[in-house]
Every structure is written in structure tokens, then in C-alpha cells.
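Secondary and tertiary structure notes
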Amino acid sequence: MNYFLMDPHSEECFFDRAEAGTKLGLMFETVEGGFLDIEVRISGPDQKVIYQGEKESSGKYTFSAYETGVYHYCFSNKMSTLTPKVVMFSMEIGEAPKGTVGAVNEGEAGHTKLEDMIRELSGTLTSIKHEQDYMHVRDRIHRSINESTNSRVVLWSFFEATVLIVMTVGQVYYLKRFFEVKRVV
């Protein structure tokens, strides 16, 4: 997981090299700042836009590299005028596909099949770890929102209680004065 601070009116781009057929996965989350929204763009080696999203707070996008080269993924905060934003992202790159020419004997075929299964299991475990990190960040964001809301409710309750007590004392004083008999001696 990578975190970075993105200033207003700025764009941050990252890149990874991938072989044709490789599975790539981008996962991102706007952690802090403003309305928690950014613009995302993924482009291929020929600058062809693979994915583009506006005003997104989080997302997960998986695709296969269509040709060998450098793939760019850019995050933009150009729509924000004052608010910097903290963005968390992870780019997961799978193994490049290998062409199997054909096994000489069954032992090698079983061995390569076992290696492929181990690679697949490793990739799955890595994606599970990334998903757990992503969920941890989301939990932290939602906990912060809940705690903020809770503190506002508590402060508002104290304010209401204070107003109620002041009004009660005021009414008792007013009614006491209303029924008070004034004697002239």
C-alpha cells in the first residue's frame, strides 16, 4: 500500500512495466480531504486510455495488459480549489504468462502444473492481503466519521439540557413572581 498527499490543482502519475497478457489490478481509496473524491486515469503504452473515472472516492479496477510496455495510472486533484487529499493505492502486477512448448515427460508436466498452482495461490494471497489493507483503511475512515458524529450528538445533548434547565428556572421564577401578593403598609 502506498500513500501520498496530493495538493489542489495537481496530478500525480505512477507507472509500471508489464508484459502482454499480464494481469494488472489497481485499488485506490481517498483517505482524507474535501469530499474524498479524485479523478483516476489508466493508460497503456500507446497512451490509449484504458479506464477513466471522475469524482471517485474509492475503486478497484483489474485488466490484462494488451501489449508489452509501460502502463501509467494517474490521480488528479485538479477540481479541488483549496483542499489537499491523501490517497492510498496499490498496483498489483501478476506473473507474465509463459508459453508452454510441451512437456518432455509427465514428471515435468506435473512439476510445471504445480508451479503454476503455487504462483496462482501466491497471487491470490497477495490480493487478499491488499484487500485486508483496503478494508482496514475503510474501517479507520468510517470509525473517524462515527466518532465525529458521536461527539457532535453529545455536545448538542448538553446544549439542549442546559437550555432546558435555564428555561425551567426562568419559568419557576416568573410564576413565583406572578402569584406573589404585594402588600402595601
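Residues numbered from 1 in each chain as written. Predicted model: local features only at pLDDT ≥ 70, side-chain atom pairs only at ≥ 80, totals over all residues. Heavy atoms only, no water.

- As named in an unreviewed UniProt entry, the chain is GOLD domain-containing protein, taken from Anopheles atroparvus.
- Quoted verbatim from the Sequence similarities (unreviewed entry) field of the UniProt record, the comment on the chain reads "Belongs to the EMP24/GP25L family." (UniProt positions renumbered as here; feature names shortened; annotations may be inferred.)

**What to know about the UniProt feature "transmembrane region" (unreviewed entry) in the chain**
- Under the UniProt annotation, the feature "transmembrane region" (unreviewed entry) is placed at residues 153–175.
- Between the end C-alpha atoms of residues 153–175 the distance is 33 Å, and the span holds 100% helix and 0% strand. (Helix = DSSP H or I, 4+ residues; strand = E, 2+ residues; numbered from the N terminus.)

**Let's talk about the packing of aromatic side chains**
- Under the counting rule described, the total for this entry stands at 15 aromatic pairs.
- Between F4 and F14 the ring centres are 5.2 Å apart and the planes differ by 55 degrees, which places this aromatic pair in the tilted class. Of the two residues, F4 is situated in strand β1 (residues 2–6) and F14 in strand β2 (residues 11–18); the sequence distance between them amounts to 10 residues.
- Where F63 meets Y71, the ring centres are 6.0 Å apart and the plane angle is 50 degrees; that geometry is what we call tilted. An identical accessibility class is assigned to F63 and Y71; each is buried.
- Of the aromatic side chains, those joined through ring pairs into one cluster are F4, F14, F28, Y73, F75 and F89.
- In this structure, K48 is placed above the aromatic ring of Y66, and the distance from its NZ or CZ to the ring centre is 5.4 Å. (Phe/Tyr/Trp six-rings, centres within 6.5 Å; stacked < 30°, edge-to-face > 60°. Buried < 20%, exposed > 50% of the residue type's maximum accessible area, 1.4 Å probe, protein only. Lys NZ or Arg CZ within 6 Å of the ring centre and 35° of its normal.)

**Thoughts on the UniProt feature "domain: GOLD" (unreviewed entry) in the chain**
- As recorded in UniProt, the sites labelled "domain: GOLD" (unreviewed entry) are residues 11–93.
- End-to-end, the C-alpha atoms of residues 11–93 are 23 Å apart, and along that stretch the chain is 0% helix and 67% strand.

**What about the state of the cysteines?**
- Applying the stated criterion across every chain, the model contains 1 disulfide.
- Note that C13 is cross-linked by a disulfide to C74, the S-S spacing being 2.1 Å. Between C13 and C74, the disulfide has an S-S torsion of 115 degrees and is therefore right-handed. Of the two residues, C13 sits in strand β2 while C74 sits in strand β7 (residues 69–76), which places them 61 residues apart along the sequence. (Disulfide = S-S within 2.5 Å.)

**Notes on the sheet that holds strand β4 (residues 38–43)**
- Ordered in space as β2-β7-β4-β5, the 4 strands form an open sheet in which the pairing is antiparallel. At either margin of the open sheet sits one strand with a lone partner, and together these are β2 and β5 (49–56). Between one strand axis and the next, the sheet turns through 10 degrees on average, direction left out of account.
- By the bridge criterion, 5 bridges tie β4 to β5 in an arrangement that is antiparallel. (Pairing = 2+ DSSP bridges. Axes fitted to C-alpha atoms, helices over the stretch in contact; angles between N-to-C directions.)

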